[in-house]
Amino acid sequence: MSAIRGARERARIEVTAAIKDEARKQLAAEGAAKLSLRAVARELGMVSSALYRYFPSRDELLTALIVDAYDSVGQAAERAHRTAVAETPAPARAGVHLARWVAVACAVRDWAIAHPHEYALIYGSPVPGYTAPQATIGPASRVGLVLIAIVEDAHREAGVGLPPLAEELRPEAERIAADLAPGLPPAVAAPLVAAWSQLFGLLSFEIFGQFDRVVEAREAFFRQAVTELARTVGLLGRP
């Protein structure tokens, strides 16, 4: 019985992967708003009722694709961070943490360029009629958690320069620090959230074509921009 069960599980994994692969092709061709379970089933030679046993609705299939995309870019960021840490063991100076920050940002950019349609799914326009469930929150946090870890390491090992913090923002900065980065002072936590959002703003401008005929040396421009973002969170505050 265990052999039969194992074969069924493998078959289910293979069919699930095939469904998601075909759905990604539809994303590339038509966009997320036009994703259709019937069209996916037709392309795979399945009847719709068979596909519904894997994904009962379009929204469940979309959620699976969204989670996969967040996990994929998160894995790229985490892998880049592990590699950078291995190459620059602690104790480290602030400049080393900057190098780790840039390495992670560049890994995220490489992923976005290699997966533009999946990037558009998670960072582009909302899909009409779709509301992301709680299951997407953890995967969506992975890149942000890597950036937080880098700044926390810098604060613990080398210190960070504290950016100025407007008094009217202090209560919100304290809330952000408590919720997202308890190991960081509020004056660092607030600009860290801004830097995270600006990182994806840079990527969106590049992936969606807003830099066309504006920025030609894209990689050099990106590296300079994310280095400046590092300044806003204090990574260059102390050698």
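The model shown is predicted, which means the values in this text are computed figures rather than measured ones.

1. A word on the pattern of salt bridges
This structure, assessed with the given rule, holds 15 salt bridges. Residues Arg 156 and Asp 153 are paired through a salt bridge, measuring 2.3 Å at the closest nitrogen-oxygen approach. Here Asp 153 and Arg 156 lie together in helix α8 (residues 142-157), a separation of three residues that amounts to about one turn. Classification of Arg 156 by relative accessible area gives exposed; the value is 57%. Asp 153 gets classed as buried once you look at its relative accessible area, which sits at 15%. The closest approach of N and O atoms between Glu 167 and Arg 170, which form a salt bridge, is 3.4 Å. Glu 167 gets classed as exposed once you look at its relative accessible area, which sits at 55%.

2. Observations regarding the nonpolar core
Judged by nonpolar contacts, the single largest core of 62 residues is most densely connected at Trp 101, Leu 199, Val 226 and Leu 235. Of all the secondary structure elements, the ones that give two or more residues to this core are α1 (2-30), α2 (37-44), α4 (58-87), α5 (94-114), α6 (116-123), α8, α10 (186-207) and α11 (218-232). Residue contributions to this core peak at 11 residues, all from α4. Not counting the four nearest positions on each side in its chain, Val 226 is found in contact with Trp 101, Val 102, Ala 105, Leu 199 and Leu 202.

3. Digging into unusual backbone geometry
Of note in this structure, Arg 213 is not a glycine but carries a positive phi near 65 degrees. With respect to the secondary-structure elements, Arg 213 resides in the loop between α10 and α11.

4. Looking at α11
Side chains of residues three or four places apart in an α-helix project in the same direction, reflecting 3.6 residues per turn. For α11, built from 15 residues, the straight-helix expectation of 21 Å at 1.5 Å per residue is met to within 8% by its first-to-last C-alpha distance of 21 Å. What α11 keeps buried is the set Phe 222, Ala 225, Val 226, Thr 227, Leu 229 and Ala 230. Backbone geometry just after α11 places Gly 234 at a positive phi near 85 degrees.

5. Points about empty space enclosed by the protein
All chains considered together, the criterion is met by one cavity of 30 Å³ or more. One number sums up the size of the largest cavity: a volume of about 30 Å³. The set of elements that each furnish at least two residues to the lining of the largest cavity consists of α10 and α11. It is α11 that provides the largest number of residues to the lining of the largest cavity, a total of three residues. Here the residues of the lining of the largest cavity sort into four nonpolar, no polar and two charged.

6. Remarks on the environment of Phe 208
Mapped onto the elements of the fold, Phe 208 is located in the loop between α10 and α11. Along the sequence, Phe 208 and Ala 120 sit 88 residues apart, while their C-alpha atoms lie 8.3 Å from each other. Setting aside chain neighbours within four positions, we find Phe 208 in contact with Tyr 119, Ala 120, Tyr 123 and Gly 124.

7. What to know about the packing of helix α9 (residues 170-180) against α10
With their axes 8 Å apart at the nearest point, α9 and α10 run at an angle of 80 degrees to one another. When the axis of α9 is compared with that of α10, the two are roughly perpendicular. Residues Ala 173, Glu 174, Ile 176, Ala 177 and Leu 180 of α9 form the contact with α10, whose participating residues are Pro 186, Ala 189, Ala 190 and Val 193. Class assignment of the residues belonging to the contact of α9 with α10 gives a composition of eight nonpolar, no polar and one charged.

Quick notes on the rules
Residues numbered from 1 in each chain as written. Predicted model: local features only at pLDDT ≥ 70, side-chain atom pairs only at ≥ 80, totals over all residues. Heavy atoms only, no water. Salt bridge = Lys/Arg side-chain N within 4 Å of Asp/Glu carboxyl O. Helix = DSSP H or I, 4+ residues; strand = E, 2+ residues; numbered from the N terminus. Buried < 20%, exposed > 50% of the residue type's maximum accessible area, 1.4 Å probe, protein only. Core = buried A, V, L, I, M, F, W, Y, C linked by side-chain atoms within 4.5 Å. Contact = heavy atoms within 4.5 Å. Expected span 1.5 Å × (residues − 1). 1 Å grid on protein atoms, 1.4 Å probe; cavity = no way out; pocket = protein on both sides within 12 Å on 5 of 7 lines; lining within 4 Å. Points joined across faces, edges and corners; volume = space filled by probe spheres on them. Nonpolar A, V, L, I, M, F, W, Y, C, P; charged D, E, K, R; others polar. Axes fitted to C-alpha atoms, helices over the stretch in contact; angles between N-to-C directions. Parallel < 35°, antiparallel > 145°, perpendicular 65-115°, else oblique.

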